[in-house]
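What the coordinates show
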Amino acid sequence: MPAPTATHLLCPPKSETWNVSDLGAQHARYIPIGRYGRTRLYKTPRHRCFLFIHFHLLSFMFSFRFFLFLSFCHVVFGSKRGLLDRRAQGVQPVRIPLNVNDVRQYSLNLAMSSGANVQNLPFSISTSTGYTMVAGNTCDSCGVQSYDPSASSSVQETSNTGQVSLWSSATSGNLVKEDCQLTRANGSPWAYANQSIIVANQSQTIVPSYGYSGVIGLGTNGRDGKFNETLAGNWLSQHPESSNFTYGLALNGPHSPTDGGEMHLLAPDPSAFTGDITWLPMTAFNSNASDADFYIDMDSWVFQSSGGGQLRQSKVHAIVDPFLAPLRFPSAQARSIFSTVQGAQSHPNPNTSATNVWDVPCDAKMTLTFTFNGYAVSLDESVLVRQAATGHCISTVEEWIDTSVSEYALGSVFISAIYMIFSVSGPSQGSVGLVPRAQSSTGISAGAIAGITIGVVALVVVLVIGCVMLYRLHRAKVAKAAEGAQPDFSTGPAATPYIYSIEPHETTTLMPMTPSTAGISLSPYRPISTHYYRDVTESSTQVTTEYSESSSGLDSPPPYAGGSANRIGNLPLRVVSVGPPPTKDRKGRGTSVS
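Residues numbered from 1 in each chain as written. Predicted model: local features only at pLDDT ≥ 70, side-chain atom pairs only at ≥ 80, totals over all residues. Heavy atoms only, no water.

Attention now goes to the overall build of the chain. If you tally the helices and strands in the chain, you get 10 helices and 35 strands. The burial tally for the chain puts 42% of its 594 residues in the buried class. A sequence separation of at least 24 residues applies to 64% of the contacts in the chain between residues at least 6 apart. (Helix = DSSP H or I, 4+ residues; strand = E, 2+ residues; numbered from the N terminus. Buried < 20%, exposed > 50% of the residue type's maximum accessible area, 1.4 Å probe, protein only. Contact = heavy atoms within 4.5 Å.)

Further remarks concern the state of the cysteines. Inspection of the entire model under this criterion finds 1 disulfide. Between Cys-362 and Cys-393 runs a disulfide, and the two sulfur atoms are separated by 2.0 Å. Across the S-S bond linking Cys-362 and Cys-393, the dihedral sits near 105°, which makes this disulfide right-handed. Taken together, the residues span a long stretch of sequence, with Cys-362 in the loop between β19 (355–359) and β20 (366–372) and Cys-393 in strand β23 (residues 393–395) at a distance of 31 residues. Here Cys-393 falls in the buried class, since its relative accessible area comes to 7%. (Disulfide = S-S within 2.5 Å.)

Taken as a whole and assessed by the stated rule, the structure comprises 14 aromatic pairs. Summarising the aromatic geometry, the rings of Phe-329 and Tyr-408 are spaced 4.8 Å apart at their centres and angled 80° between planes, so their arrangement reads as edge-to-face. Here Tyr-408 lies in strand β25 (residues 408–410) and Phe-329 lies in strand β17 (residues 327–329), a separation of 79 residues in the sequence. (Phe/Tyr/Trp six-rings, centres within 6.5 Å; stacked < 30°, edge-to-face > 60°.)

In terms of nonpolar packing, the biggest core is built from 76 residues, with Leu-327, Phe-370 and Phe-414 touching the most fellow members. With residues near it in sequence (within four places) discarded, Phe-370 still touches Met-298, Ser-300, Trp-301, Leu-327, Phe-329, Tyr-375, Ala-376, Val-377, Leu-379, Leu-410 and Phe-414. Ala-292, Tyr-295, Ala-354 and Trp-400 belong to the second-largest nonpolar core, a separate cluster that totals 17 residues. (Core = buried A, V, L, I, M, F, W, Y, C linked by side-chain atoms within 4.5 Å.)

This paragraph deals with the pairing of strand β27 (residues 430–436). Extensive coverage of β27 is indicated by the burial of 5 of its 7 residues. As judged from the 4 bridges shared by strand β13 (residues 278–281) and β27, these two strands associate in the antiparallel manner. From the neighbouring strand, Thr-278 faces β27, where its bridge partner is Leu-434. In the sheet, strand β26 (residues 418–424) pairs with β27 via 7 bridges, with the strands oriented antiparallel. Within β27, the residue paired with Ile-418 across the bridge is Pro-436. Joining the antiparallel neighbours β26 and β27 is a turn of 5 residues. (Pairing = 2+ DSSP bridges.)

So this is what it looks like as structure tokens:
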């Protein structure tokens, strides 16, 4: 019979039954374990689970139940909250890498114009204004790398001027239209054309001392209502099919060396956050008296320190802006906080005239928790206390010097603790989303990862349990079949065993093991301590061995004890067959008994 193929081994035809001897060396591990409609061959027990899992998993994958399982995973883990899906359906996030400097401001590179005339300049970002502003080449006192409109091949001069205030600073200048490009994380450009830009020609620029050439405004221009001048309004005017402009901020901590994280334009990145999003409406200030376009409502904040009790304030307005690093509190609330911190002292902020900073002990323990619509964000001393260049420690909570200011400004210290989403559709229409930050970004959402993991583990558990149950069932059936197939030796003629007989020239003769007992006196079986020896004599016809009792010799008794009997050959006795005695030996001679 030819060696079986892989198909025969796994599922041979009904008419074929393979024996172990037919398989050959390469299939020696396969053994038959039963017949259920057709002969199935499996490997030895340690391989049966693998075969079961392999073939039954393939069967499951092409079954209707598998598609139901995939549909369940998609419904449970594939969606990312209905509001977010409606806003970002079919739009992939544009990943813009950010840098952070030693004064804890986030920046990116903006390319203005194109081709040989491109001007690459560093810009910071702000959510408190919708204007993009840059230091012009006519601003001699700006002290930073400037933009030259006359060197651009794509600039469009206008007769309009722009003016904006931002965090106790202000700038003004001519308004131009320019083609711009941001660099994606993969190095490719993301271009947007005809962006309105204020070219500053005044000495009091927004960021003259931080080394940046300008600011990219991500706000709404809610203070003056000029939404079309913003990045969001410009993009929506060129994409009328979209109803809003959305971006997300995944900022690394402001104390990171240089890597500031990423900004995700057009859509948030689901791999950057986990859990449910808490949405808050934007409320426009509608007044130039404020330094921001909008605010969000905060339920409360709670401060605890090791040196005092608990302080709490409810129903306040908060401005969130990565342009700032610290947390700025109204004067009265800030002083209440630091009155509970032993050794805290205030002094003017060397970087701005708008706030005071507080020196605190480096080992101070404190916790500050902000709550928005039920979602709480807690910060501890690892971010609330930082070491200054002089070696002493200061708090990241600052105090507004102007006692009339009632808003709270939450900078990058707060924003970097979570993932924030901004979605705007007009100067006073928009919302802010707060959601826990994911531990890592893998390109697959945390919900999808959890769903895949749970599904795979559950599937493996079910398959293993099924494999064990099936294996036990097979063993029980095989054992039952083996019991029913045992031969009955209680009836029928007695079988006569035969042994080899070695004649001269290595001729083998089958002899009955029960020789004639005439003239032989039989005695009972002797114990194993009786020793025997063999006297070998030769004749011309055969070699015989005579066994007799002695004090030395073999240490095991012959099959018969007492007297002496001729035994054919000088090899150990071996039973080779059971049945009627043959009439001839293997070489065709008649058998003989001595």
